[in-house]
Amino acid sequence: MQIDENVSELIGQIYDSALAVEDWEDLVDRLSQLMGMCSGGVWVANDETLEIPFYANWNEDPEASIAFEDHYVFTVPPSYFDPRRPEGQIYSCEALYAEGEWEKSELFNDWYC
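Residues numbered from 1 in each chain as written. Predicted model: local features only at pLDDT ≥ 70, side-chain atom pairs only at ≥ 80, totals over all residues. Heavy atoms only, no water.

Chemist: Tell me about the nonpolar core, and please be specific about residues and values.
Modeler: Membership of the largest hydrophobic core is limited to 8 residues, which are W43, Y55, F68, Y72, C93, W102, L107 and F108. Elements with a contribution of two residues or more to this core: helix 3 (62-73) and helix 4 (106-112). Excluding its chain neighbours within four sequence positions, the residues that come into contact with W102 are C93, E94, Y97, L107, F108 and Y112. (Core = buried A, V, L, I, M, F, W, Y, C linked by side-chain atoms within 4.5 Å. Buried < 20%, exposed > 50% of the residue type's maximum accessible area, 1.4 Å probe, protein only. Helix = DSSP H or I, 4+ residues; strand = E, 2+ residues; numbered from the N terminus. Contact = heavy atoms within 4.5 Å.)

Chemist: Which residues make up the packing of aromatic side chains, and what are the values?
Modeler: Taken as a whole and judged by the stated rule, the model has 1 aromatic pair. Where W102 meets F108, the ring centres are 5.3 Å apart and the plane angle is 70 degrees; that geometry is what we call edge-to-face. A residue is classified by how much of its surface remains accessible, and F108, at 18% relative accessible area, is buried. (Phe/Tyr/Trp six-rings, centres within 6.5 Å; stacked < 30°, edge-to-face > 60°.)

Chemist: Please provide a residue-by-residue account of the pattern of salt bridges, values included.
Modeler: Counting across every chain of the model gives 2 salt bridges. With a closest N to O distance of 3.3 Å, R30 and E9 form a salt bridge. Taken together, the positions of R30 in helix 2 (residues 24-35) and E9 in helix 1 (residues 2-19) put the pair 21 residues apart, joining distant regions of the chain. Judged by its relative accessible area of 19%, R30 falls in the buried class. For K104, the salt bridge goes to E101, with nearest N and O atoms at 3.6 Å. The exposure class assigned to K104 is exposed, which follows from its relative accessible area of 61%. (Salt bridge = Lys/Arg side-chain N within 4 Å of Asp/Glu carboxyl O.)

Chemist: Give me helix 2: which residues, what numbers.
Modeler: In this model helix 2 runs 16 Å from its N-terminal to its C-terminal C-alpha over 12 residues, within 8% of the 16 Å that 1.5 Å per residue would give. Among all positions of helix 2, only L27, V28, R30 and S32 are buried. Positive backbone phi, approximately 70 degrees, marks G36, located one or two places after helix 2. (Expected span 1.5 Å × (residues − 1).)

Keep in mind these values describe shape, not function.
Here it is in structure tokens:
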């Protein structure tokens, strides 16, 4: 069955990406196609060094993506690095801000409005 093959391949790709950061871009692209997403981005953070070693996006204007990466990806709110958050969880941007602060943020007003 085609769906089973796609799921099996996707699971393998997820495991491969967990071991090799350079594989994330292809995984993110595939997920966006399977889910019908028009555009987006994902970044991975190191809670110990407070660095974001990886950022990938899809279906975005290249110049806008560069501007976003240069400014916003590396200026995430301090709550992003909260050690009390469980590892391996996916968070929306809104979840990283105090209640009511997401809509006031520079990121929201510059990119999400």
